[in-house]
Amino acid sequence: QVQLVESGGGLVQAGGSLRLSCAASGCTFSSYAMGWFRQAPGKEREFVAAISWSGGNTYYADSVKGRFTISRDNAKNTVYLQMNSLKPEDTAVYYCAAAFRWDTKVVVTTYGYDYWGQGTQVTVSS
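Every value quoted in this text rests on a predicted model; they were computed, and no experiment measured them. (Residues numbered from 1 in each chain as written. Predicted model: local features only at pLDDT ≥ 70, side-chain atom pairs only at ≥ 80, totals over all residues. Heavy atoms only, no water.)

Some thoughts on the sheet that holds strand E1 (residues 3-7)
Item 1. The four strands are arranged E1-E3-E8-E7 in an open sheet whose pairing can be described as antiparallel. In this open sheet, the two strands that pair with only one neighbour each are E1 and strand E7 (68-73). When the angles between neighbouring strand axes are averaged without regard to direction, this sheet yields 15 degrees.
Item 2. One ladder, built from six bridges, connects strand E3 (residues 18-25) with strand E8 (residues 78-83); its direction is antiparallel. Following the sheet pairing, Arg19 is matched in E8 by Gln82. (Pairing = 2+ DSSP bridges. Helix = DSSP H or I, 4+ residues; strand = E, 2+ residues; numbered from the N terminus. Axes fitted to C-alpha atoms, helices over the stretch in contact; angles between N-to-C directions.)

Here it is, written out as structure tokens:
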């Protein structure tokens, strides 16, 4: 059974940085595209970033482009989200997810993913 466990969330001041990690188990990690989503209170879950199986392709939401970087280490079965220049509007629960296929039209949607983690809270104070 595939399990995804996020870590690295916390409270940070605006302008600060955090690095989220998502450790995968129960699967051949390198066979999955991986994504990060976030959900703020009262809002729908939204796409943040995605990365292909080998890490050769990445895709970002416009709202985080230039500030966030997604990466993966297939030897460690882990995907990362480096978040810089954080803003209060980045406050949300952040989820990682695994997808069988890489398609830029699909990986930006929640239905493009097959497995989800439990989420980690990120709070950015002004």
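We are not done yet, so read on.
Structural notes on the pairing of E7
Item 1. Residues Phe68, Ile70 and Arg72 line the buried face of E7, whereas the alternating positions Thr69, Ser71 and Asp73 sit on a face that is not buried.
Item 2. Taking the residues between adjacent antiparallel strands as the criterion, E7 and E8 are bridged by four residues, where Asn77 takes a positive phi near 55 degrees. (Buried < 20%, exposed > 50% of the residue type's maximum accessible area, 1.4 Å probe, protein only.)

Overview of the environment of Gly9
Item 1. Structurally, Gly9 can be placed in the loop between E1 and strand E2 (10-13).
Item 2. Gly9 sits in the partly exposed class, given a relative accessible area of 32%.
Item 3. Residues Gly9 and Leu20, spaced 11 residues apart in sequence, show a C-alpha to C-alpha distance of 6.2 Å.
Item 4. Contacts of Gly9, omitting those with residues within four sequence positions, involve Leu20, Thr120, Gln121 and Val122. (Contact = heavy atoms within 4.5 Å.)

Focus: the environment of Arg67
Item 1. Here Arg67 lies in the loop between strand E6 (58-60) and E7.
Item 2. In this structure, the C-alpha to C-alpha distance between Arg67 and Asn84, residues 17 residues apart in sequence, is 5.2 Å.
Item 3. Ignoring anything within four residues of it in the chain, the contact list for Arg67 reads Gln82, Met83, Asn84, Ser85, Leu86, Lys87 and Asp90.
Item 4. Engagement of the side chain of Arg67 in a polar contact is seen with the backbone oxygen of Ser85, the distance being 3.0 Å. (Polar contact = N/O pair within 3.5 Å; in protein donor to acceptor, adjacent residues only side chain to side chain.)

Let's talk about the packing of aromatic side chains
Item 1. Applying the stated criterion across every chain yields a total of eight aromatic pairs.
Item 2. Grouped by ring-pair contacts, the aromatic residues Phe37, Phe47, Tyr59, Tyr113 and Trp116 constitute a single cluster.
Item 3. When the ring centre of Tyr95 is taken as reference, the NZ or CZ atom of Arg45 above it lies at 3.7 Å.
Item 4. When the ring centre of Phe29 is taken as reference, the NZ or CZ atom of Arg72 above it lies at 4.4 Å. (Phe/Tyr/Trp six-rings, centres within 6.5 Å; stacked < 30°, edge-to-face > 60°. Lys NZ or Arg CZ within 6 Å of the ring centre and 35° of its normal.)

Some remarks on the side chain of Arg67
Item 1. According to the relative accessible area criterion, Arg67 is buried, its value standing at 10%.
Item 2. A polar atom in the side chain of Arg67 sits 2.9 Å from the backbone oxygen of Ser63.

Re the pattern of salt bridges
Item 1. Here the structure, examined in full by the defined rule, presents five salt bridges.
Item 2. The shortest N-O distance in the salt bridge between Arg38 and Asp90 comes to 2.9 Å. Taken together, the residues span a long stretch of sequence, with Arg38 in strand E4 (residues 33-39) and Asp90 in the loop between E8 and strand E9 (92-99) at a distance of 52 residues.
Item 3. In this structure Arg38 comes out as buried when scored by relative accessible area, which is 5%.
Item 4. Taking the relative accessible area as the measure of exposure, Asp90 reaches 1% and is therefore buried.
Item 5. Here Lys65 makes a salt bridge to Asp62, at a shortest N to O gap of 3.1 Å.
Item 6. A relative accessible area of 66% places Asp62 in the exposed class. (Salt bridge = Lys/Arg side-chain N within 4 Å of Asp/Glu carboxyl O.)

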